[in-house]
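# Architecture and fold: a report
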Amino acid sequence: MARVVTRAEAKRLGLPGRTALEFASADFGAQSVTMRIVEILPPEPGASDRGPHVHHGFEECIFVLSGEGTTFAESGEYPLRAGDMILIPPEESHMTRNTGSTPLTLLCFFPVADIRPGTEELPISTIEKARS
């Protein structure tokens, strides 16, 4: 059965340094997809960002709705702007930061209904070590 999920019904996630709303996942009856809209504000001194993380066994597809940012991954640094998409393969550590002066808004898709069991938060040094 089809279902509409409004912004007011979306699940607000407590991820550091960003606002994350989950619109589709097992919590909403999805069987094989998670979809989130994430907004990352321009950096402020002393603010905490989400550090690197990895998805075990599934990829992440990120589409930039607005703003500018950079995804830092084991394989390199990827500047992003509205209209760009980046595909993060399974097992690749990554993090995305706002590098502009306006909010960075991302549409994030995962091919699993619950990403929690396969997502691991990592120390900030993980990406630095992988790239040196």
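Residues numbered from 1 in each chain as written. Predicted model: local features only at pLDDT ≥ 70, side-chain atom pairs only at ≥ 80, totals over all residues. Heavy atoms only, no water.

## As for the pattern of salt bridges
Opposite charge on two side chains lets them pair, provided their charged atoms get close. Considering all chains together, one arrives at 4 salt bridges under this definition. A salt bridge links Lys-11 to Asp-27, with the nearest nitrogen and oxygen atoms 2.6 Å apart. Separated by 16 residues along the polypeptide, Lys-11 in strand β1 (residues 11-13) and Asp-27 in the loop between β2 (19-24) and β3 (34-40) bring together distant segments of the chain. Lys-11 sits in the partly exposed class, given a relative accessible area of 29%. Residues Asp-27 and Arg-116 are paired through a salt bridge, measuring 3.9 Å at the closest nitrogen-oxygen approach. (Salt bridge = Lys/Arg side-chain N within 4 Å of Asp/Glu carboxyl O. Helix = DSSP H or I, 4+ residues; strand = E, 2+ residues; numbered from the N terminus. Buried < 20%, exposed > 50% of the residue type's maximum accessible area, 1.4 Å probe, protein only.)

## Comments concerning the nonpolar core
Grouped together as the largest cluster of nonpolar side chains are 16 residues, with contacts concentrated most on Val-38, Ile-62, Leu-106 and Cys-108. If you list the elements that add at least two residues to this core, you get β3, β5 (60-66), β8 (85-88) and β10 (104-110). Judged by nonpolar contacts, the second largest core, of 8 residues, contains Phe-23, Ala-24, Met-35 and Leu-107. (Core = buried A, V, L, I, M, F, W, Y, C linked by side-chain atoms within 4.5 Å.)

## Thoughts on the pairing of β2
In terms of burial, β2 is a largely internal element, 5 of the 6 residues being buried. Across 3 bridges, β1 lies against β2 in antiparallel orientation. Residue pairing in the sheet places Leu-13 in a bridge with Ala-20 of β2. Of the strand pairs in this sheet, β2 and β3 are connected by 5 bridges, and their pairing is antiparallel. If you follow Leu-21 over to β3, its bridge partner there is Ile-37. (Pairing = 2+ DSSP bridges.)

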